[in-house]
Amino acid sequence: MEKNEKSIIIIGAGISGMSAGCYGQMNGYKTKIFESHFIPGGCCTAWERKGYVFDQCIDWLLGTKLGTDMNQVWRELGALKNKKLRFFNMFNRVVGREGQSVTFYVDPNRLEAHLKEISPEDGELIEEFCNGIRAFSGDMNFPLLKPEPLYNENENKEIEEKFIKKYGKALRDSTGIEIVDFAKRFKNPFLQEAFPYILQQKMCDFPLMPYCYNLAAMCEKNAGYPEGGSLELAKSIERRYTELGGEIVYEAPVKKILVENDKAIGVMLEDGTKHYADIVLSAADGRTTIFDMLDGKYVDNTIKKLYEGLHSRENKIYEGFVLVFLGINRDLTNEPDSTTYFLEHPSKLLGCNQKGIVARHYCHHAPEFAPSGKSVMQFFYYSEYDCWKKLYDNDRAAYKEEKGKVADFIINYMEQHYPGLKDQIEAIDVSTPVTAVRYTGNHEGSVMAWIPFADTEEHVKPLVEKHHMKLPGLSNFYMAGHWVSLGGLVRSSSSGRHVIQFVCKDDKKNFVAQLAD
Ligand SMILES: Cc1cc2nc3c(=O)[nH]c(=O)nc-3n(C[C@H](O)[C@H](O)[C@H](O)COP(=O)(O)OP(=O)(O)OC[C@H]3O[C@@H](n4cnc5c(N)ncnc54)[C@H](O)[C@@H]3O)c2cc1C
């Protein structure tokens, strides 16, 4: 590859920043990433406590199936290289307050039989749902290799032939109704309540589509769990990036983006040092980038609308998680991987506005996270931010105490499902949305930025479709990551690919990419 002289500074070594770095290197740019934290990955991370690995991120990773665009991106980034992939036979189980339960198997035939056993009177609706899953099966391949504005006429025709003709109806049908409305049609009261929790916690504006699509993706083995989990995924991409000649500077938080005559020329770090490049690309939090690093000078009405009221409007961005991890001297191999438990008093958990908590263990898909015969359990719920932030700022001891209370509440509650659990705990850790802000900088600890399918989507889409991942009025500057391309690992990794495609287009260069394996 012929080197050109241009350099790119990238802010953030999350999945999107490292992905942008890899594709930048593949295309002859000299890139350097400045990262606040001392490890790569951003949200995609894990840590160790007393011999247990507490992995906060991957529940399921899309793009594990060979031949899909998503898989190609992971292969180009070397993310899955030499890794075993493990797959799930169930997505989630929901357990009601009276102990009733439903398991959402990923195989639509098995799921249909199971649901009909629970509620024969809902047969038709159950078939409708399971057919919705079947409609996404087969060789479904979401086109993801380019941002929409860069597809040429032939490529658009091909997408029309291979994707829209085949899956357009399934997409239309399943985006036409929200899961909460679909669930109301069940005669069985427990299914009514449980259905919106298929994806573990309830998402109000979500249509049926992500439920059917994700179950189908798991069934088709296009969603799975890579050996080593989140941090190993991040480290594999970091390795690919450095092998391509890229450089990451850790513990180097960026404070300002340097601008001259409406042209980005470099960055100033928190320590006051200035670093210059031909192009600056932020893969960090959107609000911080636009309003702190650039003082809100480069926004139009769409961007203003998107960000204004960010704090107060419910259901605009994903909330952060409260996560409780336990390392336990107990083998959970025979237990379901993931369960949502409806609680009598969820409001006893600070910040919780869902009906229940999610409990997961890793014995099937990441046995390496615990010593042999032992297990890691993870519990989480979406949580409001302010209550934690106030405690953290005003009374650090009370903040710690509240974290302890949450852990105690969950442990006491779980004791009824796993008698003896209390005495088997060897390690505990609790993370809140404040922890997430400290380690990733994401606004209010949001796990995946903007909520798709909500009103916001019409303001998010122009970031790519109209602005081409840039900001109005500012040249030599680009943005990538889940604040631009919506959340989830595969969208973040492809966001790094897309942004470099825009960079190449602006530089009148052909974009190239190579597989790592
Ligand atoms: C708990 C949790 C569970 C999740 N589960 C899943 C899942 O199962 N499947 C899935 O697909 N997705 C999941 N996600 C979502 C997914 O992890 C994210 O959407 C994705 O990792 C975002 O990547 P990113 O690079 O866009 O942003 P980030 O991961 O936020 O990366 C941004 C990076 O920028 C750095 N940074 C911020 N500010 C600065 C600064 N001033 N200077 C320098 N560096 C800075 C941060 O430290 C960070 O490393 C989950 C997320 C969380 C938090």
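- The name given to the protein chain in an unreviewed UniProt entry is Amine oxidase domain-containing protein, with the source organism recorded as Pelosinus fermentans JBW45.

## Observations concerning the overall build of the protein chain
Part 1 of the argument: The helix and strand inventory of the protein chain stands at 17 helices and 20 strands.
Part 2 of the argument: The C-alpha atoms of the protein chain give a radius of gyration of 23 Å, which matches the 24 Å a tight globule of 517 residues would have.
Part 3 of the argument: Out of the 517 residues belonging to the protein chain, those deemed buried represent 56%.
Part 4 of the argument: Look at the contacts in the protein chain between residues 6 or more apart in sequence, and 73% of them connect residues 24 or more apart.
Part 5 of the argument: Accessible surface, the protein chain as shown: approximately 21500 Å² in total, 47% of it carbon and sulfur.
Part 6 of the argument: When the 63 positive and 72 negative side-chain charges of the protein chain are each reduced to one mean point, those points stand 3 Å apart.

## A word on the sheet that holds strand β5 (residues 61–62)
Part 1 of the argument: Read from one edge to the other, the open sheet built from 3 strands follows the order β5-β9-β6, with strand pairing classed as antiparallel. With one partner strand each, in any of the chains shown, β5 and β6 (85–86) form the two edges of the open sheet.
Part 2 of the argument: Relative to strand β9 (residues 223–226), β6 runs antiparallel, the two being bridged by 2 bridges. Pairing of R86 across the sheet is with Y225, part of β9.

## Topic: the sheet that holds strand β11 (residues 254–260)
Part 1 of the argument: With respect to topology, 3 strands assemble into an open sheet ordered β11-β12-β13, the strand pairing being antiparallel. Each end of this open sheet is capped by a strand with a single partner; those strands are β11 and β13 (274–276). Within this sheet the neighbouring strands show an average axis-to-axis angle of 30 degrees, counted without direction.
Part 2 of the argument: Strand direction decides the pairing type here: strand β12 (residues 263–269) and β13, joined by 3 bridges, are antiparallel. Across the sheet, G266 pairs through a bridge with Y276, a residue of β13.

## Comments concerning the site of the ligand
Part 1 of the argument: Around the ligand sit 35 residues in total, of which S16, E35, D59, N442 and L489 are the nearest.
Part 2 of the argument: H482 is positioned with one of its backbone polar atoms (N or O) 2.9 Å from an oxygen atom of the ligand.
Part 3 of the argument: With respect to the ligand, the backbone of L489 contributes an N or O atom lying 2.8 Å from an oxygen atom.
Part 4 of the argument: Notes on the ligand: free accessible area 1000 Å², of which the protein chains cover 94%.
Part 5 of the argument: When residues of the shell around the ligand are traced back to their parent elements, those giving at least two are α1 (15–26), α14 (433–440) and α17 (489–506).
Part 6 of the argument: Taken together, the residues of the shell around the ligand sort by class into 19 nonpolar, 14 polar and 2 charged.
Part 7 of the argument: A domain split of the shell around the ligand shows at least three residues from each of domain 1 (7–46 + 228–312 + 449–506) and domain 3 (320–440).

## Section: the packing of aromatic side chains
Part 1 of the argument: Tallying each qualifying case throughout the model produces 29 aromatic pairs.
Part 2 of the argument: Ring plane angle 65 degrees and centroid distance 4.8 Å describe the contact between F321 and Y382, whose orientation is recorded as edge-to-face. Remark: Y382 occurs in strand β18 (residues 375–383) and F321 occurs in strand β15 (residues 320–328); sequence separation between them is 61 residues. There is no split in this pair, since F321 and Y382 are both buried.
Part 3 of the argument: Centre to centre, the rings of W450 and W483 are 5.2 Å apart; their planes meet at 85 degrees, and the pair counts as edge-to-face.

About the criteria used
- Residues numbered from 1 in each chain as written.
- Predicted model: local features only at pLDDT ≥ 70, side-chain atom pairs only at ≥ 80, totals over all residues.
- Heavy atoms only, no water.
- Helix = DSSP H or I, 4+ residues; strand = E, 2+ residues; numbered from the N terminus.
- Rg over C-alpha atoms; globule rule 2.2 N^0.38 Å.
- Buried < 20%, exposed > 50% of the residue type's maximum accessible area, 1.4 Å probe, protein only.
- Contact = heavy atoms within 4.5 Å.
- Areas by Shrake-Rupley, 256 points an atom, 1.4 Å probe, with all protein chains shown as cover.
- Lys, Arg positive; Asp, Glu negative; His and termini not counted.
- Charge placed at Lys NZ, Arg CZ, Asp CG, Glu CD.
- Pairing = 2+ DSSP bridges.
- Axes fitted to C-alpha atoms, helices over the stretch in contact; angles between N-to-C directions.
- Near = heavy atom within 4 Å.
- Polar contact = N/O pair within 3.5 Å; in protein donor to acceptor, adjacent residues only side chain to side chain.
- Nonpolar A, V, L, I, M, F, W, Y, C, P; charged D, E, K, R; others polar.
- Domains from an automatic or database assignment.
- Phe/Tyr/Trp six-rings, centres within 6.5 Å; stacked < 30°, edge-to-face > 60°.

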